[in-house]
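Letter by letter, the chains look like this.
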Amino acid sequence: MAGGVVVNAAGGKTYPGRMTPFVFFTCLVASSGGLIFGYDIGISGGVTSMASFLKEFFPSVYAKAAANKDTNQYCKFDSQLLTLFTSSLYLAALATSFVAASVTRVFGRKWSMFCGGVTFLAGSALNGAATDVMMLIMGRILLGVGVGFANQSVPLYLSEMAPAKLRGMLNIGFQLMTTIGILAANLINFWTAGIEGGWGWRIGLGLAGVPALIITLGALVLPDTPNSLIARGFNDDAKAVLVKIRGTDDVQDEYDDMVAASEEANAIEHPWRNILERRYRPQLTVAALIPFFQQLTGINVIMFYAPVLFLTIGFGDDASLMAAVITGLVNMFATVVSIVCVDRLGRRALFLQGGTQMFVSQIVVGTLIALQFGTAGVGEMSRSNAWLLVLFICLYVAGFAWSWGPLGWLVPSEVFALEVRSAGQSIAVCVNMLLTFIIGQAFLSMLCSLKFGLFYFFAGWMFIMTTFIALFLPETKGVPIEEMNLVWSRHWFWGKYVNVDTQHGGASPRSNGV
């Protein structure tokens, strides 16, 4: 040990750092960006199951949804226009992610979060006042711009502010806020569905402005990250922020490494071109495939369409919304498990356990639906079987909430070198939003075509992605971001792509004077 720096398990350096009140406050405020993402996921699924909303904007869907049990249950809600209402947000977020990458790099993480809050606020106002489908979709596009900015900047902000040994826990605050947003939306759906006059959905859509206002005002009071301040030439401010978030004046070694990483980053004129180089191939592959796989777990079809799904399998209106509240509670509390365990057990252990649990749950859910509705989709599920189905959906949601949910945002945000970090995060967000859009747009048609086989489809992907993690993801817990290349250089497969002698943070501990 020298100057407060110790050698970590990856052979690199670990800097001093603890949970100070300042770092807790900044990460708590920044992670509130997850509220807007989660609230939208929960609220959109709820309003699309409300008869008053469907009757006003999607009358043909309302007519099918009101049909009796002799109708094919798999196809009751199949409407491309209805799914476009939900999934248009993610197409807008996909396009925005590229603009957000430049804003995040040039103006800083905090102003990217501010842009996300403002545009989401505008979208919520437009949706709450909508009088036709076009207004709804335009509002969704503005919401998507907000999500694109927030999902680009918040995970980066959290990873850069947190001490290495607490990075997983603090970064997962984003996912915890997402689950709180989902739960709040489910509770609001349950409350507003009973409002006389059928206008309760307006309250639900309009209240999206509350989390938007939180992140908008929060971004104004937050400092930017030391990494971002150094990259933009505010070195003195960066060191002052670093001292505050680490809770010690002994930050010179970490500060020097940040400056060195920034100098290398500034020498990179074309990060979008450089990220395609061989030396970044491991990080790029993992950061693209993890969000790709995250959506193919099938989680968003559960969270988007939970009330619709529960209506489909025989729950009444109120019961379907209550079942969605139950899954929202499970989602939130299981995310707390991840916060407690991620920096103790590591990323790989949670990925592997959660993936296995989700695989089994999807198989059971598909089988229960198959036994009840067969391929014809005609029938009515008994109360006991319906609640058994809810139980396994909850086990599935719990597995996601402590593995692929939070880690799908954490791992891509921590694996890239500074010079390509914004570009890498943008790619991760883009892949996530693209797959979310595709799955969201296709789900109801896939349910109509594949029937119970849809759940086997997602189970098959769970097997593939869990195998990928077992073979190709190195453990990154406790490793400073500036030292991450050492992890890749020592991996059995990725080591042939990463030459640590040519990259910052890649020199051996001895050559770093440790």
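Residues numbered from 1 in each chain as written. Predicted model: local features only at pLDDT ≥ 70, side-chain atom pairs only at ≥ 80, totals over all residues. Heavy atoms only, no water.

Going by an unreviewed UniProt entry, the chain carries the name Sugar transport protein 1 and comes from Zea mays. Taken from UniProt, the Subcellular location (unreviewed entry) comment for the chain reads in full: "Membrane". Looking at the chain in UniProt, the text filed under Sequence similarities (unreviewed entry) is "Belongs to the major facilitator superfamily. Sugar transporter (TC 2.A.1.1) family." (UniProt positions renumbered as here; feature names shortened; annotations may be inferred.)

(A) View of the overall build of the chain. What the chain contains, in helices and strands, is 24 helices and two strands. Within the chain, buried positions represent 62% of all 514 residues. With an accessible surface of roughly 17,800 Å², the chain has 67% of that area assigned to carbon and sulfur atoms. (Helix = DSSP H or I, 4+ residues; strand = E, 2+ residues; numbered from the N terminus. Buried < 20%, exposed > 50% of the residue type's maximum accessible area, 1.4 Å probe, protein only. Areas by Shrake-Rupley, 256 points an atom, 1.4 Å probe, with all protein chains shown as cover.)

(B) Expanded view of helix α13 (residues 235–246). If you check α13, its first and last C-alpha atoms are 16 Å apart, about what 12 residues at 1.5 Å a residue would give, namely 16 Å. Those residues of α13 lying buried are Ala 238, Val 241, Leu 242, Ile 245 and Arg 246. Across the axial projection of α13, the buried residues extend over an arc of 120 degrees, all falling on one side. Looking one or two residues past α13, Gly 247 carries a phi angle of roughly 70 degrees, positive in sign. (Expected span 1.5 Å × (residues − 1). Arc of directions from axis to C-beta.)

(C) Structural view of the side chain of His 491. Along the chain, His 491 turns up in the segment after α24 (485–489). In this structure His 491 comes out as buried when scored by relative accessible area, which is 12%. Reaching out from His 491, the side chain makes a polar contact with the backbone nitrogen of Trp 494 at a distance of 3.2 Å. Not counting chain neighbours up to four residues away, the residues in contact with His 491 comprise Leu 471, Phe 472, Leu 473 and Pro 474. (Polar contact = N/O pair within 3.5 Å; in protein donor to acceptor, adjacent residues only side chain to side chain. Contact = heavy atoms within 4.5 Å.)

(D) Quick look at the pattern of salt bridges. According to the stated counting rule, one finds 10 salt bridges in the structure shown. With a shortest N-O distance of 2.7 Å, Arg 109 and Glu 160 are connected by a salt bridge. Of the two residues, Arg 109 is situated in helix α6 (residues 109–128) and Glu 160 in helix α7 (residues 133–161); the sequence distance between them amounts to 51 residues. Each of the two residues, Arg 109 as well as Glu 160, counts as buried. (Salt bridge = Lys/Arg side-chain N within 4 Å of Asp/Glu carboxyl O.)

(E) Up close: the confidence of the model for the chain. The predicted model of the chain averages 81 in pLDDT, with 84% of residues at 70 or higher. When the elements of the chain are averaged for pLDDT, strand β1 (residues 6–7) gives the smallest value, 44, and helix α23 (residues 453–472) the largest, 93. Below pLDDT 50 for its whole length, residues 1–12 participates in 35 contacts with residues either more than four positions away or in separate chains. Predicted confidence for residues 502–514 stays below pLDDT 50, and this span has 29 contacts to residues more than four positions away or in other chains. (pLDDT = per-residue confidence, 0-100.)

(F) Spotlight on the packing of helix α16 (residues 281–296) against helix α21 (residues 404–414). At their nearest, the axes of α16 and α21 sit 9 Å apart, and the two run at 160 degrees to each other. With respect to their mutual orientation, α16 and α21 come out roughly antiparallel. Relative to α21, α16 is oriented so that their crossing is left-handed. Here α16 contributes Val 286, Ala 287, Ile 290, Pro 291, Phe 293 and Gln 294 to the contact with α21, which in turn contributes Trp 404, Gly 405, Leu 407, Gly 408, Trp 409, Val 411 and Pro 412. (Axes fitted to C-alpha atoms, helices over the stretch in contact; angles between N-to-C directions. Parallel < 35°, antiparallel > 145°, perpendicular 65-115°, else oblique. Left-handed = near helix turned anticlockwise from the far one by under 90°.)

(G) Structural detail: helix α11 (residues 209–221). The end-to-end C-alpha distance of α11, which contains 13 residues, comes to 19 Å, matching closely the 18 Å that a straight helix rising 1.5 Å per residue would cover. Every buried residue belonging to α11 is among Gly 209, Pro 211, Ala 212, Ile 215, Thr 216, Gly 218 and Ala 219, and all of these are buried. Packing partners of the buried residues in α11 comprise α1 (21–31), α2 (33–47), α6 and α10 (200–206).

(H) The arrangement of the packing of aromatic side chains in detail. Under the definition given, this model contains 24 aromatic pairs. Relative to Phe 472, the ring of Phe 468 lies with its centre 5.5 Å away and its plane at 40 degrees, an arrangement referred to as tilted. Of this pair, Phe 468 and Phe 472 both sit in helix α23, four residues apart, which is roughly one turn of that helix. Taken together, the aromatic side chains of Phe 292, Phe 293, Phe 351, Trp 404, Trp 461, Phe 468, Phe 472, Trp 492, Phe 493, Trp 494 and Tyr 497 make up a single cluster linked through ring pairs. Between Lys 110 and the ring centre of Trp 111, over which it is positioned, the NZ or CZ distance is 5.1 Å. (Phe/Tyr/Trp six-rings, centres within 6.5 Å; stacked < 30°, edge-to-face > 60°. Lys NZ or Arg CZ within 6 Å of the ring centre and 35° of its normal.)

(I) Spatial organisation of the nonpolar core. Counting residues in each nonpolar core, the largest one holds 129 residues, and the members touching the most others are Phe 53, Phe 58, Trp 404 and Met 433. Top element by residues in this core is helix α22 (residues 421–450). It accounts for 13 residues. (Core = buried A, V, L, I, M, F, W, Y, C linked by side-chain atoms within 4.5 Å.)

(J) Representation of the environment of Ala 398 in the model. Take Ala 398: it is sitting in helix α20 (residues 383–401). The exposure class assigned to Ala 398 is buried, which follows from its relative accessible area of 8%. Along the primary structure Ala 398 and Leu 329 are separated by 69 residues, whereas in three dimensions their C-alpha atoms are 9.6 Å apart. Beyond its immediate stretch of four places on either side in the chain, Ala 398 contacts Val 330, Ala 334 and Gln 357.

(K) How the structure looks around a nonpolar patch on the surface. Taken together, the side chains of Phe 25, Val 106, Phe 107, Trp 111, Leu 121, Leu 213, Leu 217, Leu 220 and Val 221 define a hydrophobic patch exposed on the protein surface, amounting to about 830 Å² of accessible area. At the level of secondary structure, the elements contributing two or more residues to the nonpolar patch comprise α5 (80–107), α6 and α11. Considering each element in turn, the nonpolar patch owes the most residues, four residues, to α11. Relative to the elements of secondary structure, Leu 220 occurs in helix α11. (Patch = residues over 30% accessible without salt bridge, like charges linked within 9 Å, V, L, I, M, F, W, Y side chains within 5 Å.)

(L) Up close: the environment of Cys 27. Along the polypeptide, Cys 27 turns up in helix α1. Sequence separation of Cys 27 and Ala 162 is 135 residues, and the distance between their C-alpha atoms is 7.8 Å. Each residue touching Cys 27, except ones within four places of it in the same chain, is listed here: Leu 158, Met 161 and Leu 170.

(M) View of the side chain of Ser 228. Here Ser 228 shows up in helix α12 (residues 226–231). Residue class for Ser 228 comes out buried when judged on its relative accessible area of 2%. In contact with Ser 228, not counting residues within four places along its chain, are Thr 104, Gly 108, Arg 109 and Glu 160.

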